[in-house]
Amino acid sequence: MADSLVIVESPAKAKTIGKYLGSKYIVKASMGHIRDLPKSQIGVEVDNDFHPKYITIRGKGNVLKELRDASKKVKKVYLAADPDREGEAIAWHLAHYLELDEKDACRVVFNEITKQAVKDAFKTPRPIDMDLVNAQQARRVLDRLVGYKISPLLWKKVKKGLSAGRVQSVAVKLIYDRENEIKAFVPEEYWSITAHLMKGKNGFEAKFHALGGEKKELRSEAEVKEIVALLNGKPFEVGEVKEKERMRNPSPPFITSSLQQEAARKLNFRASKTMQIAQQLYEGVDLGKEGTVGLITYMRTDSTRISPVAQEEAKAFIEERYGEKFYPETPRVYVKKNANAQDAHEAIRPTSVLRDPESVKSFLSRDQLRLYKLVWERFVASQMSSAILDTMTVDLLNGPVTFRANGSKMKFPGFTKVYVEGSDDDTPDEDRLLPALAAGESVAAQQIDPKQHFTQPPPRYTEARLVRALEELGIGRPSTYAPTLETIQKRYYVAIEEKKFVPTELGELVVQLMEEFFPEILDAEFTAHMEGDLDHVEEGTQEWVNVIGDFYKSFEKRLAVAEEEMKEVEIRDEPSDENCDKCGSPMVYKMGRFGKFLACSGFPDCRNTKPIVKATGVTCPKCKEGHIVERRSKKGRMFYGCDKYPECDFVSWDKPIAKPCPECSGMMVEKRVKGDTQYHCTVCTHSEEAAEPDEAAEADVDY
């Protein structure tokens, strides 16, 4: 007969923990939060110390009845929600509903769902941490005040369904500001000169570096011609040769933001998908004879700390599989990434490094395996020796002109044997080898290749870049990044083009209004400072009511001004040159959830709508009759399909190009590979470098 009830958030977690605890424990799920602020009203008593008015979440009645009935049949109730502020708040709400004493040792937390970790946690239950609860309440109340006070203004003055928020509004502002930087960017011309040189049978490249011993930037074709004229076909002489050993250290194990960034770069996962799959790996996967096991530690963390037990296990594994030289002389300790990092949890790591990806492959879905492999490799590499490279820098002299060649060779792979971190800037990670060169040697030049370039504007934000920017600014916390990115797309403040964020007209309008009337909400520094105050509440050094009160004093004044002075903005329908194919009325452009679309101006008598399609100039390779056009999925992601749909169902995520494959005449698509655009055939294995935008007009111009 069971004498204890354990309550967790999800059925999957309940199933895993139930197997570990045995028959003396009943394990049930609360299905997430059981109480929240009402949706129909602000739910915060501003004049009563911002007291939140919680109500039971609709649809939770049966779950709560089941939990209350179960609690009456046992001697002890344990609350085992996730080990963060959200989990602590769930535990507190459950304690309130079940009439438990929050000061009683009823709270159980564990960072990983393994048999040993769970059993150890139940040996040391603790009271509910009210500092954590208050930190969650403070965030909830603050977000409710901002959202429910500003949003009705936007509905009244602009359009229904809009919203504002502390983190989401800053995220949109970052995207909006970046777009303005791109629009204002004035390209500057610059040139490079590459010498293709030969030493014996070995070819290598060197770049122009200096003139008369002084480093020089080439800004015009005239300067380039002067340099080329000085070379006059003469051979190069090897000048100074610098050789040195360089150490390359591994990246720390994952935290929430770095996992989201790397999964975006390497797996093409959206932040929300990464967190969804990580949750599955954390809560437990059935490994056959081993039973259900949590494969990774808790995935909402900004700490790079790992436990001594995990470190010892990693050491033994690395030395056995790769050899002792692949483990550093002293174990690696990673410090907090920033001052705002909370160290309550470990980094994201496998619960046992002995469960390598190959050993669990047959039990995981494709995406689960890919994410687990990423976490496993990153953690193992983080504990390994540094890579050692032999680097060489060679100056090549030709009269007063100096060219420079750089090369490197891997001397000892260290952690790179397992894993190398990706890059937002797609920097190639290849060794460039130079032949053996000695000062005074003569080297023949096969070709001198001048090339024109133009400076590029700052890149638009990808999901990975935006998460990194928010983290660096101290805005948001591990649990907020994914929902923030989802919200700004759902509100259609931003759209995604070629996997990058661009602000919509609606997003730009809302940012402009917010800048005028609520500048603090958009101020990254102000928002980061507020996050710091909320962290102090969690640490128990500040009262949450005081933090909210200080914010609300100035916010209330801003609201009053906005109510009086914010002018109504009419978003007019933009006329098009098309007529409705059902009633003949003119079609107009309207703003929808996923961008503009065409709608009949005779609405509501005629409800005809059409998507706006952009032709690519490519004939459909499937039906040979239709043409490939740009479309958007239900989630707003761009793809390419036949305009004869539904008669023809051809689709492609990659952008087709008008040039057919030179080998099989199949359709070619555009892909990004290590920072370069390449064309790949969809039929055969042919691939080639993409043509530059104006290659036909000016072959030596590199845009």
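Residues numbered from 1 in each chain as written. Predicted model: local features only at pLDDT ≥ 70, side-chain atom pairs only at ≥ 80, totals over all residues. Heavy atoms only, no water.

Q: Account for the packing of aromatic side chains, naming residues and giving values.
A: According to the stated counting rule, one finds 17 aromatic pairs in the structure shown. With 5.9 Å between their ring centres and 45° between their planes, Phe518 and Phe555 make a pair best called tilted. Remark: Phe555 occurs in helix 18 (residues 544–565) and Phe518 occurs in the loop between helix 15 (505–517) and helix 16 (519–522); sequence separation between them is 37 residues. Here the aromatic rings of Phe551 and Phe555 are separated by 5.0 Å at their centres, their planes lie at 25°, and the arrangement is stacked. In this pair, Phe551 and Phe555 both sit in helix 18, four residues apart, roughly one turn of the helix. By relative accessible area, Phe551 is classed as buried at 6%. Exposure remark for Phe555: the relative accessible area of 2% places this residue in the buried category. An aromatic cluster of three or more residues is present, and its members are Phe50, Phe518, Phe526, Phe551, Tyr552 and Phe555. Sitting above the plane of the Tyr78 ring, Lys76 keeps its charged end 5.6 Å from the centroid. (Phe/Tyr/Trp six-rings, centres within 6.5 Å; stacked < 30°, edge-to-face > 60°. Helix = DSSP H or I, 4+ residues; strand = E, 2+ residues; numbered from the N terminus. Buried < 20%, exposed > 50% of the residue type's maximum accessible area, 1.4 Å probe, protein only. Lys NZ or Arg CZ within 6 Å of the ring centre and 35° of its normal.)

Q: Help me get a handle on the side chain of Ser251, residues and values and all.
A: Inspection of the secondary structure puts Ser251 in the loop between strand 11 (236–248) and helix 8 (256–267). Using a relative accessible area of 16% as the deciding quantity, one classes Ser251 as buried. At 2.9 Å, the side chain of Ser251 forms a polar contact with the side chain of Glu421. If near-sequence neighbours (up to four positions away) are discounted, Ser251 is found in contact with Tyr334, Arg378, Ser382 and Glu421. (Polar contact = N/O pair within 3.5 Å; in protein donor to acceptor, adjacent residues only side chain to side chain. Contact = heavy atoms within 4.5 Å.)

Q: Account for unusual backbone geometry, with residues named and values stated.
A: Between Phe603 and Pro604 the backbone carries a cis peptide bond, its omega angle lying at 10°. Here Pro604 shows up in the loop between strand 21 (595–600) and strand 22 (609–611). Here the residue pair Tyr645 and Pro646 is connected by a cis peptide bond, since its omega of 10° sits within 30 degrees of zero. Topologically, Pro646 is positioned in the loop between strand 25 (638–642) and strand 26 (651–652). Positive phi is not limited to glycine here, since Asp49 has a value of about 55°. With respect to the element layout, Asp49 can be found in the loop between strand 4 (44–45) and strand 5 (51–52). The exposure class assigned to Asp49 is exposed, which follows from its relative accessible area of 51%.

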